Amino acid sequence: MDAIIHPAERLAGEIQALSSKNYTTRYMLAAGLAEGTSVLFHPAASEDSEAMRRCLRALGAVLDESGERLAITGFGRSPKPVRELDVGNAGAVLRFLMSIAAFLPEVTFVNRYPESLGRRPHDDLIKALEQMGVRVLHNNGKLPITICGGQPRGGRITVSGRVSSQYLSSLLFMIPLLEEDSEIVVTDDLKSKVVVGQTLKVLEEAGIEVEASDDLMRYRIPGRQRYRAREYVVEGDYPGSAAILAAASIVPSDVTVFRLKRNSLQGERAVVDVLRRMGVPLDHERDEVRVRGTGRLVAGEFDGDAFTDGVLAMVAASVFAEGTSRFYNVENLRYKECDRITDFVTELRKAGADVEERRSEIIVHGRPGGVEGGVVIDAHYDHRVIMALTVVGLRSRRGLVIRDAQHVAKSYPQFFDHMKSLGANIELR
């Protein structure tokens, strides 16, 4: 599917934020690991959450969904033996389930997206699982990956956090179910610490005890724990809403997004502060964000590790800021659905933006007069790239055509519908 993005003169209206993808997948996993029936209210409906639904069913969980209510009867520490699991293009789902698969004799995670998830590395999680007596067959750290487990052992486990915090989160979900007490030591660095905070919150809600050091680099985890079946309420999604807020910031607007908790642990909540620093007029009251955009923005410098999944949307907004913006500490963007630095910068340049890349930085020389556009853009199978380039197209002189725009459904199936409801002129063909 191609998305034709026409220039926008004004955006206005109200939308409900999508439910959080990150919280939905974590709550679903916690429910699957419980012995009993848990209920999720307002679960996200996206390709990633569908991948988790599909895999949990394959592993023996019973799912009953009606409207905004999802009941999950879990399999506890005893998932049903299965030969293959298909996570689609969902990296977090793959990594979370790689650890759970250690309870099975042998399961292979298939490679259906060789040009996207199939290119992403998982070496650091593989090395951690091998320390636990789990044999892993893999393609230089990439899919297809076969987990040969059955009796994973606890103890002292080290895992690198240099590439992704998802490896650590994966271990934190599985290790409490082991017989032994365990210690996890994070080496090198830990990216996206705020996302680890979300994992710890979900574990606490599920009745799991984890003692974490203040810097989140060391964990003590008692063994023989059990997940508690309970009710969960999924909050609104900041990463997807970041693109909506960015779009409202670059043109005259009056846009309100509901269900965005002011005290959320989602790191991408920081995009509200980023836009404020760019001079965007907005209010954040009663868990709703209202942007009354003027189209005038000022450049700034931002530590992107604090809001990883909102970086591309903020880069898109900064394309039209007065001055030079710098987004640093973002090397982990290179290990997503695509290389979100090189690939994204390449497409921005096609659109007419003045942007540079470093190993761990994106530097934008703003063009307040807008960009030329009038080109066809490659989405690189990446939902965040699609949403960010949509923002750029809204303030281009000749619009943009985004190829393979259907991949926005990975996290935000209603994105184009929501944009059109706010007045954006977008054609899908």
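Another point: the side chain of glutamate 337. You can see glutamate 337 is positioned in the loop between strand S19 (324-328) and helix H10 (342-351). On the accessibility criterion, glutamate 337 (6% relative accessible area) is buried. Of the polar contacts made by the side chain of glutamate 337, one reaches the side chain of histidine 383; its length is 3.2 Å. In this structure glutamate 337 touches Asn89, Glu115, Ser116, Arg120, His380, Tyr381, Asp382, His383 and Lys410, once residues within four positions along its chain are discounted.

The subject of this paragraph is unusual backbone geometry. Backbone torsion omega between leucine 143 and proline 144 reads -5°, so that peptide bond is classified as cis. Tracing the backbone through its elements, the reader meets proline 144 in strand S9 (residues 142-148). Of note, arginine 224 is a non-glycine position whose phi angle comes to about 60°, a positive value. By secondary structure assignment, the location of arginine 224 is in the loop between strand S13 (218-221) and strand S14 (231-233). With a phi close to 60°, tyrosine 381 is a non-glycine residue in the positive phi region. With respect to the element layout, tyrosine 381 can be found in the loop between strand S22 (375-378) and helix H11 (383-394).

Given a rise of 1.5 Å per residue, 12 residues ought to cover 16 Å, and the 16 Å separating the end C-alpha atoms of helix H2 (residues 47-58) matches this to within 8%. Among all positions in H2, only Asp48, Ser49, Ala51, Met52, Arg53, Cys55 and Leu56 are buried. In the core, the buried residues of H2 are packed alongside helix H1 (21-32), strand S4 (62-66), strand S5 (69-73), strand S6 (84-85) and helix H3 (91-100). In the stretch just after H2, glycine 60 is the one whose phi turns positive, near 110°.

Moving on to the sheet that holds strand S20 (residues 354-358). What the 4 strands build is an open sheet, ordered S18-S19-S21-S20; its pairing is mixed. In this open sheet, the two strands that pair with only one neighbour each are strand S18 (301-303) and S20. Averaged over all neighbouring strand pairs, the angle between strand axes comes to 15°, with direction disregarded. On top of the sheet, H10 reaches S20 and strand S21 (361-365); it is set at about 165° to S20, its chief contact.

To continue, consider the packing of aromatic side chains. Per the stated rule, a full pass over the model turns up 6 aromatic pairs. Between tyrosine 23 and tyrosine 27, the aromatic rings sit 5.7 Å apart at their centres with planes inclined by 25°, giving stacked as the arrangement. Linking tyrosine 23 with tyrosine 27, this pair stays in helix H1, spanning 4 residues, or about one helical turn. An identical accessibility class is assigned to tyrosine 23 and tyrosine 27; each is buried. Taken together, a centroid distance of 4.4 Å and an interplanar angle of 25° make the contact between tyrosine 27 and tyrosine 232 stacked. Linking tyrosine 27 in helix H1 with tyrosine 232 in strand S14, this pair joins segments that are 205 residues apart in sequence. The same class applies to tyrosine 27 as to tyrosine 232, namely buried. Aromatic ring contacts, followed pair by pair, group Tyr23, Tyr27 and Tyr232 into a single cluster.

Scoring rules and cut-offs
- Residues numbered from 1 in each chain as written.
- Predicted model: local features only at pLDDT ≥ 70, side-chain atom pairs only at ≥ 80, totals over all residues.
- Heavy atoms only, no water.
- Helix = DSSP H or I, 4+ residues; strand = E, 2+ residues; numbered from the N terminus.
- Buried < 20%, exposed > 50% of the residue type's maximum accessible area, 1.4 Å probe, protein only.
- Polar contact = N/O pair within 3.5 Å; in protein donor to acceptor, adjacent residues only side chain to side chain.
- Contact = heavy atoms within 4.5 Å.
- Expected span 1.5 Å × (residues − 1).
- Pairing = 2+ DSSP bridges.
- Axes fitted to C-alpha atoms, helices over the stretch in contact; angles between N-to-C directions.
- Phe/Tyr/Trp six-rings, centres within 6.5 Å; stacked < 30°, edge-to-face > 60°.

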